[in-house]
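Listed below are the residues making up each chain.
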Amino acid sequence: MKIDKVKKQRAFLKWAGGKYNLVESIIDLLPKRSDTLVEPFVGAGSVFLNSDYKKYILNDINPDLINLYRHLKAQPEALIGDCAKLYQSQYNTEDAFYAIREEFNQEADSYRRSVLFTYLNRHGYNGLCRYNLSGKFNVPFGRYVKPYFPEHEMYFFARKAQKAEFTLLDFEESMRSAPLNAVIYCDPPYVSLSETAKFTQYSGAGFNHNDQQRLASTANELSIEGRNTVLISNHDTPFSRTLYQHARIKSTKVARVISQNVNNRRAVKEVLALYKANKIKHKPTNSQPSEQ
C-alpha cells in the first residue's frame, strides 16, 4: 500500500502530533489483508486519509472532534459553507477570536460547536486543542496573516468518511470492541520528553502513565489472543521502550513544531511498536460495535 507523495492527503485540521510526516512508515507496517482499520485515537486522521481499507472505525475521547466528523460526514455542503463565513478578515483579529472562543465555550448545540471548532483550530495558536480543568477551550490567538480555509481537504474527508463509523469511547473499549482481525492503529497522547513538554490538556482529562501502561497491555493481550494486530506510535524514551518490550519496535526521527521557541523545533525520535496477532483460528462472529 504505497503512497504517492504527490497525492498525499493532508488533514483539514491542524493537529499537534499529526502523522502527516510519518504516515508512509505507519502504513508500511499495517497488515493489508484486513478489511477494517480501527483508530482509537483518530486525531486529525492522517492515517485514515492516506490508507485504503474497506471500512474504518474512528474513535476519540474528544466529543468536539467526533461531533465535527459526524456532521461533516452527514452534511458536508452545509457545514463547509457555514465554516467559510468565518474565514473573512474581520474575524482574524484578537478581539474576534476571543469573542468566538467565548461563544464556543458557552454553546451547547453540537453543529454550531463544530463550525466554531474549525475556526478555532485554524486561527488559534499552532493548531493546539487544549481545554482547562473546567472543560473550557483555552488556546490563545494565533496571529496568522491569513488563515487557510481547508475547503478541498474538508470535502475529501467528507467523501472518505462515508466508509467510516465514528465512536466516542475510552480507547480500551474501542480496542476491545474492534472486529476480529481488524487492524488497530493507536496514536495516543505521547509520553513527555520532559516535564516542560506537557503542553496540552487534550480532552479535559489527562493521559497518564497508567493509561500508557493500559494501552500497551491491551495491545499485547489482543495480539496474544490472535484477535488483532496493533501498531502504536510514541516518543522514543526509556519509558516507552519498557512499555513496548513485547512488541517489535521501529525507531525513526520526525520533525515536531509545537515548541513556542523556534530553536527547539527539531526532529525527535519516535517509536512504532508493532504487536502482531498470533495465528489462532477463531469462530466467525457477526457482532459489530455500534456507533455511539
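- If you check an unreviewed UniProt entry, the protein appears there as Site-specific DNA-methyltransferase (adenine-specific) from Catenovulum sediminis.
- Under the UniProt heading Sequence similarities (unreviewed entry), the note attached to the protein is "Belongs to the N(4)/N(6)-methyltransferase family."
- Under the Catalytic activity (unreviewed entry) heading, UniProt states for the protein: "a 2'-deoxyadenosine in DNA + S-adenosyl-L-methionine = an N(6)-methyl-2'-deoxyadenosine in DNA + S-adenosyl-L-homocysteine + H(+)".

1. Topic: the packing of aromatic side chains
- Applying the stated criterion across every chain yields a total of 19 aromatic pairs.
- Ring plane angle 45 degrees and centroid distance 5.4 Å describe the contact between Phe97 and Phe141, whose orientation is recorded as tilted. Taken together, the residues span a long stretch of sequence, with Phe97 in helix H5 (residues 94–106) and Phe141 in the loop between helix H6 (110–123) and helix H7 (151–160) at a distance of 44 residues.
- In textbook terms, an aromatic cluster arises when at least three aromatic residues are bridged by ring pairs, as seen for Phe12, Phe48, Tyr53, Tyr56, Tyr69, Phe157 and Phe166.
- The aromatic ring of Tyr20 is capped on one face by Arg10, whose charged end is 3.8 Å from the ring centroid.
- Taking NZ or CZ as reference, Lys160 lies 5.6 Å from the ring centre of Phe48, over its face.

The rules we used
- Residues numbered from 1 in each chain as written.
- Predicted model: local features only at pLDDT ≥ 70, side-chain atom pairs only at ≥ 80, totals over all residues.
- Heavy atoms only, no water.
- UniProt positions renumbered as here; feature names shortened; annotations may be inferred.
- Phe/Tyr/Trp six-rings, centres within 6.5 Å; stacked < 30°, edge-to-face > 60°.
- Helix = DSSP H or I, 4+ residues; strand = E, 2+ residues; numbered from the N terminus.
- Lys NZ or Arg CZ within 6 Å of the ring centre and 35° of its normal.

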